[in-house]
Amino acid sequence: MLASATIMEPIETDYLVIGSGIAGLHFANLASAHGRVVVVTKKAPNESNTNYAQGGVAAVLAGDDTFERHIEDTLVTGDGLCNPEVVRMCVEEGPAAVQSLLDYGVRLARGADGELDLTREGGHTRRRVVHYEDVTGREIQRALIETTARNPNITILDDHMAVDLLSMAKYGGDPACFGAYVLDRRSGEVRTVVARATILASGGASKVYVYTSNPDVATGDGVAMAYRLGATVSNMEFFQFHPTVLFHPQAKSFLISEALRGEGGKLRLGNGERFMDSYHPLAELGPRDVVARAIDNEIKKSGADSVFLDMTHLDATFVRARFPNIHDACLALGIDITKQPIPVVPAAHYMCGGVKVDTSGRTTVRGLYAIGETSCTGLHGANRLASNSLLEGMVYAKRAAEAVRDAVPARPAKVVPWSSGNATDSDDAIVVSLNWDEIRRFMWSYVGIVRSDKRIDRARNRIELLRQEINQYYWDFKIDSDMIELRNLALIAHLVIESARRRKESRGIHYTLDYPDKLPDARDTDLQLTQGPPP
Ligand SMILES: Cc1cc2nc3c(=O)[nH]c(=O)nc-3n(C[C@H](O)[C@H](O)[C@H](O)COP(=O)(O)OP(=O)(O)OC[C@H]3O[C@@H](n4cnc5c(N)ncnc54)[C@H](O)[C@@H]3O)c2cc1C
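Now for a description of the structure that goes with this document. Fair warning: this is a prediction, and the values are worked out from it, not measured in the lab. (Residues numbered from 1 in each chain as written. Predicted model: local features only at pLDDT ≥ 70, side-chain atom pairs only at ≥ 80, totals over all residues. Heavy atoms only, no water.)

## Structural notes on the sheet that holds strand 17 (residues 375-376)
Hydrogen bonds between backbone groups are what pair the strands of a sheet, and the pairing can be parallel or antiparallel. Selection criterion: When DSSP locates at least two bridges between a pair of strands, those strands are taken to pair. Labels follow the DSSP assignment, with helices taken as runs of H or I lasting at least four residues and strands as runs of E lasting at least two, numbered in each case from the N terminus. Contact between two residues is taken to exist if any of their heavy atoms lie within 4.5 Å; hydrogens are not considered. To get an axis, fit a line to the C-alpha atoms, keeping to the stretch in contact for a helix; angles then go from 0 to 180 degrees between the N-to-C directions.
Strand order in the open sheet formed by four strands is 17-15-10-18, with mixed pairing between adjacent strands. Single-partner strands in this sheet number two, and they are strand 17 and strand 18 (526-527). Where helix 7 (residues 221-229) meets the sheet, it contacts strand 10 (233-234), strand 15 (354-356) and strand 18, and its direction lies at approximately 40 degrees from that of strand 15.

## Comments concerning helix 9 (residues 288-302)
Here is the rule: Take the number of residues in a helix, subtract one, and multiply by 1.5 Å to get its expected span. We call a residue buried when its accessible area falls under 20% of the maximum for its residue type, exposed when it is over 50%, and partly exposed in between, using a 1.4 Å probe and counting protein chains only.
Relative to the 21 Å expected for 15 residues at 1.5 Å per residue, helix 9 spans 21 Å between its end C-alpha atoms, a close match to the ideal helical length. For helix 9, the complete set of buried residues consists of Val-290, Val-291, Ala-292, Arg-293, Ala-294, Ile-295, Asp-296, Glu-298 and Ile-299. Looking at the packing, one finds that the buried side of helix 9 touches strand 11 (239-246), helix 8 (259-262), strand 12 (266-268), strand 13 (307-310) and strand 14 (342-351).

## What to know about the pairing of strand 9 (residues 190-200)
Counting buried positions along strand 9 gives nine out of eleven residues, so the element sits mostly inside the fold. Pairing geometry for strand 1 (residues 11-18) and strand 9, over seven bridges, is parallel. Residue pairing across strands places Ile-18 opposite Leu-200, the latter belonging to strand 9. Across five bridges, strand 8 (residues 177-184) lies against strand 9 in antiparallel orientation. Paired with Leu-183 across the strands is Val-190, a residue of strand 9. Adjacent in sequence and paired antiparallel, strand 8 and strand 9 are bridged by five residues, among which Gly-188 carries a positive phi angle near 85 degrees. Sheet topology note: the strand 9/strand 16 (residues 368-370) ladder contains three bridges and is parallel. Paired with Leu-200 across the strands is Ala-370, a residue of strand 16.

## Some thoughts on the side chain of Ser-387
By the secondary structure assignment, Ser-387 is in the loop between strand 17 and helix 12 (388-403). On the basis of relative accessible area, Ser-387 is assigned to the buried category, the value being 7%.

Shape is all these values report; function is a separate question.
Okay, structure coming up:
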């Protein structure tokens, strides 16, 4: 039985972009100068990590700043695993990337002198982060969507979710990519989109952890699809954790900014005791990964659900004026932060690894490109310097938009439409929700902030069983977006576990009790389908 009653003709385009965040939309606008572009995005066009970015975009713009300093800050944070050539390239293209944002009409904050206002963030030795209030990503997303909507060469298909990439291997060739199967979430039809070049701009995968700052769309679909196609995936063990996200059943992913600790907030256990003094001389103001690790350790030791960030000793008027959004958001959930400590947990925030690409976003598979958080470029290495990721999205979108001009078309004479065989409607949706929950919980406990061989092995045993069950379910029933995401998330979990298992050292944000030291040589963890079990 076919997925749809009528077989629909493939959608033909030059460039298929999967994702409508900063990377996907910047690429689409540039590539539209030399080809037709179709952008598929699985929910509303503004539902992306980009939309939630708060801080801003890093670029060397201040008189007292230099490219060398930004390069050095990035390399130090990346802990020996950055590709220095890539770091230099991104840093040097930073000012032009900021100019492009201005050209799109992004309103960036300016000082009284009319110059761009530059803030300083952790790990940066100079002020170099351009921003728009504390909602920079939302402003970027707005401007990009408005510009894209006016472009006659770009079609955005919202509520359209890429299911899998089209591979010439199915037609007896090499795995060259020529488009994707795409689920129209409203009608349930699976369409075929055929393209000269396919660009993964599908963002991160932090939903693989039960606590995350990311929106629901961040399920690693791009990495999973690329891996299934045979592309190399790198450094998936490096997930950056933000120390403090609100712990509340109705607050899915609300960030409690580091500025609260900056203004004197204290971290406490449930019994009111402070604990950061014994982890770092700067206590609550220690580096992000140290604070995240300390909170994780205290939660694991006590078995509690969270720790607490206490602002109650500070002047209530000051707290309300300085943090109006956080104050109001917490109050709406029944927490008055001027009178009650805020329950917080660390949360998965950013995927440093991804689909391995060259300096133009080319993956190891012909016809397939990856840009933005879904890619692994070598910029971040073992840890990301704050505000370098929006920059990376801009730089690689531009480079890929140039590179695709030379894409050599690869496509069969007749494209086989999607078929769901004998699949029937699912009779057991609970399988999806239970497995979803289980994966995210054991990933958090066993392959989260502090790892060990034993923990990783426990996660490994569980994920292999679950993947068998999920794959069986996937092929037996008609697909829907929940099922697609679960299958992808399970593969992401497998890739993180496998990468963490192979790294026998602690480096950057990969910290394991069994190998607390760094090895002399820094190496990428590369995974490819042929080396592992079937997806
Ligand atoms: C709370 C928060 C704060 C942050 N603050 C900053 C900051 O200040 N500075 C900074 O540099 N970085 C920040 N980051 C990180 C940064 O926002 C992201 O790394 C960046 O926006 C990623 O952009 P992207 O275009 O690669 O992906 P995204 O913006 O995540 O876009 C991915 C797109 O792909 C779509 N998609 C996914 N799967 C599919 C599929 N199967 N089919 C179709 N579409 C699909 C999604 O719906 C979405 O449209 C922050 C992140 C978060 C969550």
